[in-house]
Amino acid sequence: MLNAMTKRDFWKYLTRVHKWAGLVLGVQIILWFASGLFMSFFPINEVRGSHLAEKATWSLSDVSVIPIEIAMTAYDGNLTGASLTSIAGEPAYALIGDEGTQLINARTGAAWEPIGEDTIRVAAAAYYKGEGDIVSLMRLTETPKEYRRPPPVWQIEYDDGPKTRLYLDAETAELRAVRTKLWRVYDFMWMLHIMDYDRQDNFNSWWLKLASFLALLFAISGMALVAHRTLLRPRPKRA
């Protein structure tokens, strides 16, 4: 009799586990479907704001720039790297070494003046393709979560419909990121989708592991209950 009661209690407990796991998992499944449906409506280039800002590009083979080997000789310390970038729409070499980053005009070989607000305004005007006006321009030493890169950086905010914000490198004035109202909503949906409520870029969060565990528990308990009710449970005798 005790053995029979133990088995009965076990299947009753397993049924409750199956129901609660299904309830919690069902909420997350709705969030997965809803966020996935939202993200499927918007091309990723539109989310990234590619139509609102465009980075100037230059080639090392461009006849209008001096050879990078000549520019590298202008560095004061031990050089560890060099790249061709853009400052306010003009080509420049960023020389990196133990003395920090040194900027060289890629056309003339002269050193750039330190990046200030005037240079940032010129650079932003060269990058921005929208129809708004600047309402805020700040040099940030603490960056907002939407930027996700280390400071310092210049933030330029516009009064256009998409609520565009440009983020420009504090040392080179290079365009680092474009953020819009759509990007922020998309990022929120992405957070719900991958269940990372802190950084929004971690696919190994404990929330996701918990949901995976509940999904496995739901599937195993469901299979066990089906097997019990169809194969193992005694059938009532016919009169």
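Residues numbered from 1 in each chain as written. Predicted model: local features only at pLDDT ≥ 70, side-chain atom pairs only at ≥ 80, totals over all residues. Heavy atoms only, no water.

*Asks:* Sorry, what's going on with the overall build of the protein chain here?
*Replies:* The number of helices and strands found in the protein chain is six helices and seven strands. Traced from its N-terminal end to its C-terminal end, the protein chain shows the element sequence α-α-α-β-β-β-α-β-β-β-β-α-α. Buried positions account for 36% of the 239 residues belonging to the protein chain. A fraction of 51% describes how many contacts in the protein chain between residues 6 or more apart in sequence connect residues 24 or more apart. Carbon and sulfur atoms make up 60% of the accessible area of the protein chain, which totals about 15200 Å². (Helix = DSSP H or I, 4+ residues; strand = E, 2+ residues; numbered from the N terminus. Buried < 20%, exposed > 50% of the residue type's maximum accessible area, 1.4 Å probe, protein only. Contact = heavy atoms within 4.5 Å. Areas by Shrake-Rupley, 256 points an atom, 1.4 Å probe, with all protein chains shown as cover.)

*Asks:* Explanation requested: the layout of surface pockets in the structure shown.
*Replies:* Any space left empty among the atoms is revealed by the rolling of a water-sized probe across them. Space inside the largest pocket adds up to approximately 230 Å³. Along the wall of the largest pocket there are 13 residues; nearest its centre are Arg-48, Leu-175, Arg-176, Ala-177 and Val-178. Tallied by class, residues from the lining of the largest pocket come to five nonpolar, two polar and six charged. In this structure, the second largest pocket encloses a volume near 160 Å³. As for the second largest pocket, its lining consists of Tyr-147, Arg-149, Pro-150, Pro-151, Pro-152, Asp-169, Ala-170, Glu-171 and Arg-176. When its residues are assigned to classes, the lining of the second largest pocket shows five nonpolar, no polar and four charged. (1 Å grid on protein atoms, 1.4 Å probe; cavity = no way out; pocket = protein on both sides within 12 Å on 5 of 7 lines; lining within 4 Å. Points joined across faces, edges and corners; volume = space filled by probe spheres on them. Nonpolar A, V, L, I, M, F, W, Y, C, P; charged D, E, K, R; others polar.)

*Asks:* Please clarify how the pattern of salt bridges should be interpreted in this entry.
*Replies:* Two side chains carrying opposite charge are able to pair once their charged atoms lie near each other. Applying the stated criterion across every chain, the model contains seven salt bridges. Glu-117 serves as the salt-bridge partner of Arg-121, at 3.3 Å between the closest nitrogen and oxygen. Here Arg-121 pairs with Glu-117, and both are found in helix H4 (residues 117-127), just four residues apart, close to one helical turn. For Arg-121, a relative accessible area of 38% puts it in the partly exposed group. Residue classification places Glu-117 among the partly exposed residues on the basis of a relative accessible area of 39%. (Salt bridge = Lys/Arg side-chain N within 4 Å of Asp/Glu carboxyl O.)

*Asks:* Would you mind showing me how to read the nonpolar core here?
*Replies:* Side chains of a nonpolar character, in soluble globular proteins, are inclined to be buried together. Counting residues in each nonpolar core, the largest one holds 21 residues, and the members touching the most others are Ile-115, Ile-120, Trp-154, Ile-156, Leu-166, Leu-168 and Leu-175. If you list the elements that add at least two residues to this core, you get strand S2 (90-97), H4, strand S5 (153-158), strand S6 (165-169) and strand S7 (175-179). For this core, the element with the highest residue contribution is H4, accounting for four residues. Dropping the residues within four chain positions of it, Leu-166 is found in contact with Ala-53, Ala-124, Tyr-127, Tyr-128, Trp-154, Gln-155, Ile-156, Tyr-158, Leu-175, Ala-177 and Val-178. The next biggest cluster of nonpolar side chains, apart from the first, holds nine residues, and it includes Ile-66, Ile-68, Tyr-75 and Leu-95. (Core = buried A, V, L, I, M, F, W, Y, C linked by side-chain atoms within 4.5 Å.)

*Asks:* Is there a simple way to think about H4 in this case?
*Replies:* One turn of the α-helix equals 3.6 residues, which is why residues spaced by three or four share an orientation. Taken as a whole, H4 has its buried residues at Ile-120, Ala-123, Ala-124 and Tyr-127. Seen from one end, H4 has its buried residues packed into an arc of 100°, which puts them on one side. Along H4, exposed side chains directed more than 90 degrees from the buried face belong to Asp-118 and Ala-125. (Arc of directions from axis to C-beta.)

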